[in-house]
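As a plain string of letters, each chain reads:
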Amino acid sequence: MFLDLLYPRRCPVCDKAVKPFGNLICEECKKKIKYVKAPYCQKCGKELKDKRAVFCHDCAHKEHMYDRGMALFAYPSVADSIYRFKYRGRQEYGAYYGERMASILGDRILSLKPDALVPVPIHSSKKKIRGYNQAEVLAKEVGRRLNIPVETKLIRRIRKTVPMKDLSAQERQNNLKKALKICRNDVKLNTIIIVDDIYTTGSTIDAMAKELRKAGVRYIYFVTLAIGNGM
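Here the structure is a predicted model, which means the values were calculated and not measured.

Points about the pairing of strand 6 (residues 219-227)
Working step 1: The element strand 6 is extensively covered by neighbouring structure, given that 8 of its 9 residues are classed as buried.
Working step 2: Bridging between strand 1 (residues 68-74) and strand 6 involves 6 bridges; their strand directions are parallel. Looking across to strand 6, one finds that Arg68 is bridged to Tyr221.
Working step 3: Sheet topology note: the strand 5 (residues 191-199)/strand 6 ladder contains 8 bridges and is parallel. By the bridge assignment for strand 6, Val195 is matched with Val223.
Working step 4: Crossover connection from strand 5 via helix 8 (residues 203-214) to parallel strand 6: handedness right-handed.

This is the structure in structure tokens:
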């Protein structure tokens, strides 16, 4: 409590000291965030404009390595927030993100009966610069609230990759080739949920799912903080 007075928690939307004190987000900022709403793609979880559609355009034309995914926020409404969480040291946002994910998606997550949550790893050089892995922060918050184990040493990124945001779908796939490696010989997990901050094309999730399936994981799902719209 004393440290909170000296270093007030920052709001994940406006980045100012949270009002009222003790909350995880400013009351006025809650309305600025938009959640993913049904109907959504039955594969990746993107919000669909066409209520008659079952899959988004991407999932209707591409075979993914994972089973199914879900997301919490519509990306445009939290783009700046996630950028600060990822690159500007706002690790504290994880508490709000984790609380929202557990509250809104908790029942769906638990219905999958996961053996563990597995955060998307970042390269050691990036973690050294940032001081933390944002996906790991999120996974631990959700895991703590839903009482699900978090596996942080199951898979690691062994090759440094370039930022994905400006790459095409094919370039994303090439960027991730031989970038991930399972770190254990005895992966005794039947069902896992991959945790990440943003889902765009699914290249990172697919790359992880491919390695996890090789290791014997049978059911692979994902949950992300934000996702774009489907068509």
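A closer look at the sheet that holds strand 5
Working step 1: Within the open sheet, the 4 strands sit side by side as 1-6-5-2. Their pairing is parallel. Among the strands making up the open sheet, the edge pair consists of strand 1 and strand 2 (116-119). Neighbour-to-neighbour, the strand axes of the sheet open up by a mean angle of 25°, direction not taken into account.
Working step 2: Lying on the sheet, helix 4 (residues 93-111) is in contact with strand 1, strand 5 and strand 6; it crosses strand 1 at an angle near 140°.

Side note on helix 4
Working step 1: Helix length check: helix 4, at 19 residues, gives a terminal C-alpha distance of 26 Å against a target of 27 Å (1.5 Å per residue), a fit within 8%.
Working step 2: At Leu105, helix 4 is deflected by roughly 75°, the largest bend along its length.
Working step 3: Considered for burial, the residues of helix 4 that qualify are Tyr93, Gly94, Ala95, Tyr96, Tyr97, Gly98, Arg100, Met101, Ala102, Leu105, Gly106 and Ile109.
Working step 4: Buried residues belonging to helix 4 abut strand 1, helix 3 (75-87), helix 6 (134-146), strand 5 and strand 6.

Considerations on the environment of Leu72
Working step 1: Tracing the sequence through the fold places Leu72 in strand 1.
Working step 2: Considered as a pair, Leu72 and Lys46 are 26 residues apart in the sequence and their alpha carbons are 9.9 Å apart.
Working step 3: Contacts of Leu72, omitting those with residues within four sequence positions, involve Tyr35, Val36, Tyr97, Arg100, Met101, Ile104, Leu105, Thr224 and Leu225.

Side note on the packing of helix 4 against helix 6
Working step 1: Two numbers describe how helix 4 lies on helix 6: the axes approach to 8 Å, and their chain directions differ by 55°. In terms of orientation, helix 4 lies oblique with respect to helix 6. The two elements helix 4 and helix 6 cross, and the hand of that crossing is right-handed. Along its contact with helix 4, which presents Gly94, Ala95, Tyr97, Gly98, Glu99, Met101, Ala102, Gly106, Ile109 and Leu110, the element helix 6 presents Val137, Leu138, Glu141, Val142, Arg145 and Leu146.
Working step 2: Split into classes, the residues belonging to the contact of helix 4 with helix 6 amount to 10 nonpolar, 3 polar and 3 charged.

Considering the environment of Gln42
Working step 1: As for its position among the elements, Gln42 is in the loop between helix 1 (2-6) and helix 2 (57-61).
Working step 2: With a relative accessible area of 43%, Gln42 lands in the partly exposed category.
Working step 3: Taking the C-alpha atoms as reference points, Gln42 and Arg68, 26 residues apart in sequence, are found 7.1 Å from one another.
Working step 4: Setting aside residues no more than four positions away along its own chain, Gln42 makes contact with Val54, Phe55 and Arg68.
Working step 5: A polar contact of 3.1 Å, which involves the side chain of Gln42, links it to the backbone oxygen of Tyr40.

What counts, and at which threshold
Residues numbered from 1 in each chain as written. Predicted model: local features only at pLDDT ≥ 70, side-chain atom pairs only at ≥ 80, totals over all residues. Heavy atoms only, no water. Buried < 20%, exposed > 50% of the residue type's maximum accessible area, 1.4 Å probe, protein only. Helix = DSSP H or I, 4+ residues; strand = E, 2+ residues; numbered from the N terminus. Pairing = 2+ DSSP bridges. Right-handed = clockwise from strand over helix to strand, strands pointing away. Axes fitted to C-alpha atoms, helices over the stretch in contact; angles between N-to-C directions. Contact = heavy atoms within 4.5 Å. Expected span 1.5 Å × (residues − 1). Bend = angle between axes of the 7 residues up to and from the residue. Parallel < 35°, antiparallel > 145°, perpendicular 65-115°, else oblique. Left-handed = near helix turned anticlockwise from the far one by under 90°. Nonpolar A, V, L, I, M, F, W, Y, C, P; charged D, E, K, R; others polar. Polar contact = N/O pair within 3.5 Å; in protein donor to acceptor, adjacent residues only side chain to side chain.

Any link to function would need more than the numbers given here.
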